[in-house]
Amino acid sequence: MKDIGSISLDFSISLGNFKLEVDCQLHQKVTAFLGASGSGKTTLLNCICGTFAPDQGVITFGDEVLYSYDMKINVPSNLRRFGYVFQEGHLFPHLTVEQNIRYGQSRKLRREKDSISQEIEILEIAELQNRYPSQLSGGQRQRVAIARALAMKPRLLLMDEPLASLDGGLKSRIIPYIHHIKNAYEIPIIYVTHAISEAMALADEAYLLSDGKIAASGEPHQILTSPSVLPIANLTGVENIFNLPVTSSDQQKGITELEIGSQSLVVPYMDVEIGERIPIAIRAEDIIISLEPNLPISARNILRGKVDEVDDQVLLSILVEEQRFSVKITHEAREQLQLCKGKEVYCVIKANAVNLLWNEG
């Protein structure tokens, strides 16, 4: 991959009673910032694009200083040439799709007929060019908004929860388009979201924001299975994320087995090679805790583990082999089962509760 340079963020900004403080160096093609509503994700993007000026610190893009409190530098947002994709798209209702896409272009680019051909092709919106936003579906509007941000030939693409307003089916259809953009354009992307599956599918590195501070960082699957994330998991909707190798796959039985140490996790059939690692997500509320392994139930997965931690919101951390599961239970269940650190339990999981995260394959 071509060297895209680095982005340095070392600043703080106060907005009312909220304060955002970040200090990080972004070197990867796609960086995700995850966090709950109010954690500072959008404020971060607004400081990067120049809409907000931090109270102090420095922001650099490659060798260029975009903001410096000490040097009294604050490059205007229109001169930073960063593309911005909003959660709701924000298309102009009185303009056609083509006019919306060309809106942010320079006069020179607007005169070039082919200046938006790459965006039109990658996002598959050729047949939409003469329509108006009111004639588009939610997924189509977001694809047009992404095309508009790219058509201005940005140096950096900022994406503020671009899939948050879409339902699950539309999200799964838009993610591959963003993945194609990642491969087709030699520009860095900063992607903010509260959805773990989006970060797993797209990001090369991730930062977890909590109350205006970076709580964890690293590869997406690393920070989302870290014990340090447990207190934040209940607030951010963090799911259980694993990359597990395939041990068997039987189309006739309709199942695929994934390895968790000496145990197996049964999921719906996938056409995959033995040994291939599969990214999966299991929501914390989709796991049932039992003290007995031999239950007369239809769930295919009963995994043996030990309670490692119980937080105040009754979110359990359970170690199954070397994998850490987060499980939501009620206060009543905790007392009834007498759950405490070190207690042996069984995680009961239906096969259809295991979600396959989209990946390039």
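A.B. asks: I tried to follow the environment of Val 314 on my own but got confused; where do I start?
C.D. replies: Relative to the elements of secondary structure, Val 314 occurs in the loop between β17 (301-310) and β18 (315-320). Residues Val 314 and Glu 161, spaced 153 residues apart in sequence, show a C-alpha to C-alpha distance of 28 Å. Leaving out residues up to four positions away in the same chain, Val 314 has contacts with Val 327, Lys 328, Ile 329, Thr 330, His 331 and Arg 334.

A.B. asks: Can you help me understand the domain arrangement of the protein in this one?
C.D. replies: Note: interface size is frequently given as the accessible area lost on complex formation between the parts. Here the protein is partitioned into domain 1 (4-235) and domain 2 (240-356). The gap between the C-alpha centroids of domain 1 and domain 2 is 33 Å.

A.B. asks: Help me understand the sheet that holds strand β14 (residues 263-268) in this model?
C.D. replies: Strand pairing within a sheet occurs via backbone hydrogen bonds; the two strands may be parallel or antiparallel. The strand order across the open sheet built from five strands is β14-β13-β12-β15-β21, with neighbouring strands paired in antiparallel fashion. The sheet is open, and its two borders are formed by β14 and β21 (355-356), each paired with just one other strand. Pairing geometry for strand β12 (residues 240-250) and strand β15 (residues 277-282), over six bridges, is antiparallel. Its bridge partner lying in β15, Phe 242 is registered against Ile 280.

A.B. asks: How do you make sense of unusual backbone geometry when you look at a structure like this?
C.D. replies: Note: most residues except glycine have negative phi, and most peptide bonds are trans. In the Ramachandran plot, Arg 81 falls in the positive-phi region, its phi being about 55° despite a non-glycine side chain. With respect to the element layout, Arg 81 can be found in the loop between α2 (77-80) and β7 (82-85). Residue Arg 81 is classed as partly exposed on the basis of its relative accessible area, which comes to 39%. Unlike most non-glycine residues, Glu 161 shows phi in positive territory, near 45°. Secondary-structure assignment places Glu 161 in the loop between β8 (156-160) and α7 (168-184). For Glu 161, a relative accessible area of 12% gives the class buried.

A.B. asks: Teacher, can you tell me more about the side chain of Thr 60 here?
C.D. replies: Mapped onto the elements of the fold, Thr 60 is located in strand β4 (residues 56-61). Not counting residues up to four positions away in its chain, the partners in contact with Thr 60 are Ser 6, Ile 7, Ser 8, Val 65 and Leu 66.

What counts and what doesn't
- Residues numbered from 1 in each chain as written.
- Predicted model: local features only at pLDDT ≥ 70, side-chain atom pairs only at ≥ 80, totals over all residues.
- Heavy atoms only, no water.
- Helix = DSSP H or I, 4+ residues; strand = E, 2+ residues; numbered from the N terminus.
- Contact = heavy atoms within 4.5 Å.
- Domains from an automatic or database assignment.
- Pairing = 2+ DSSP bridges.
- Buried < 20%, exposed > 50% of the residue type's maximum accessible area, 1.4 Å probe, protein only.

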